[in-house]
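# Notes for the structure review
Spelled out from the first residue to the last, the chains are:
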Amino acid sequence: MPQVGGDYRTWPKLTDLFPWQQTGAKLHRSWPIAPFESTLAERWKEFLSGNEAQRTAWFGETRDRKIGEQYADLNGAEKLPALSTLTKHAQPPRLEHYGYRSFDRQWVMADTRMGDYLRPPLWQALSEKQVYLTSMITKQLGSGPSITASIYVPEIDYFSGRGGKDILPLYRDAAAAQPNITAGLLEALAAVYGRPVSPEDLLAYVYALLGAVGYADLYSAELATPGPHVPITRDAALFGRVAAAGRRLLGIQTYGQRLGTPYRGKAQNTKAVPTTPDDYPRSLQKDVKYDDARQELHVGEGIFAPVSAEVWNFSVSGLQVVRSWLGYRMAERSGKKSSPLDDIRPERWPLEYTKELLELLWLLEGTLEMQPTLSALLDEVIAGELLQAGQLPQPSQEEREAPKLERKGGVQSGLF
């Protein structure tokens, strides 16, 4: 890979601040994931209605997951019954929110029998304080923000649809007692700034700088070597202003669930999407259109406005956020299907989709509104005196490794 020169290389790497670097969950089948919770219940019921041969065909067996074998639960505490042995009335897997793509909240069957690599350490660290940072750490970043976040366990491809070992949890445990921050780093920053620095302070500071779309443009040549570096200011007041902006941005981009409040934008549903089966938008290519002149987003017969071209075209390293979100909610879902069970989908456009689409459009409006502030703060940080990577504590190999599973009794209980 090309050598990086200049001041950028002297800054600490993102993974030297948050050392536990984890691959996101990868199920190797799409039918246990859906935007609508009740869809998964229907798919499960249909799966159980089949005989063993049908279940095998519908499941989509791989080397690591077969319906006739048992697998340890997410706690690693006990073996779960083989899917082939379940009765038609067996209890469904636990359904949990899932970070599917940047800003796209879906649902998943949170059960180790349903996916090849559920990444139990990520589930064991899930809590109301957890934030999973995502970036392109193993591949080259593209345009748009260089970091996004999920409050739910994220998919391997969460950031931009092409992922790797790109997930950085804020905490290593569900009690939020063990920050995934290099030992001694918060204390070192506190000594520089003359005041305590919390894990959330550092999180918000980093989120503001890498959340500026100008970061990837400014350092596009340096980012040819994967893995962003973070400029750490020596100025205590500036650190505080950047962290405050990061809290606001994180609040917007987590729909008000972490550190800040949600953003209510201008977009409205000016014409309802019909809820009759015949009028359900069939495909992204045929039934989703954007009218630049009128600033209108057409979803089937429904209209959302005003939607700026900047919102419509907002992307994260090539992931077109609005198009991607809509594509997974069409009657003919975007992407590959792994099973006939994928065809079990809502028969009509759910009202929840309208609400969630508005929330997504507002999120992007709020993100774009913050960009001038974020860019100005990035410029101010870079122009000032910075801490060098060699002046900060370095993570140990143990800190880079995933936490060991805590084996708990019960069937995947107490994790969520």
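Now for a look at the structure at hand. (Residues numbered from 1 in each chain as written. Predicted model: local features only at pLDDT ≥ 70, side-chain atom pairs only at ≥ 80, totals over all residues. Heavy atoms only, no water.)

## Some thoughts on unusual backbone geometry
The peptide bond linking Ala305 to Pro306 adopts the cis configuration, its omega dihedral lying at -5°. Mapped onto the secondary structure, Pro306 falls in the loop between β13 (302-305) and α10 (309-312). A positive phi is found at Leu259, a non-glycine position, where the angle reads about 65°. Of note, Leu259 is situated in the loop between α8 (236-253) and β10 (268-271). The class for Leu259 is partly exposed, based on a relative accessible area of 33%. Despite not being glycine, Ser317 has its phi angle at roughly 45°, a positive value. Structurally, the position occupied by Ser317 is in the loop between β14 (315-316) and β15 (319-320). We classify Ser317 as buried; its relative accessible area is 6%. (Helix = DSSP H or I, 4+ residues; strand = E, 2+ residues; numbered from the N terminus. Buried < 20%, exposed > 50% of the residue type's maximum accessible area, 1.4 Å probe, protein only.)

## Description of the sheet that holds β10
Reading across the sheet, the four strands line up as β10-β13-β12-β11 and stay open at both edges, with antiparallel pairing between neighbours. Only two strands of the sheet have a single neighbouring strand rather than two, namely β10 and β11 (288-291). Across the sheet, the mean angle separating the axes of adjacent strands is 25° when strand polarity is ignored. The pairing of β11 with strand β12 (residues 296-299) spans four bridges and is classified as antiparallel. If you follow Val288 over to β12, its bridge partner there is Val299. (Pairing = 2+ DSSP bridges. Axes fitted to C-alpha atoms, helices over the stretch in contact; angles between N-to-C directions.)

Honestly, that's just the spatial picture; any functional story needs more than this.
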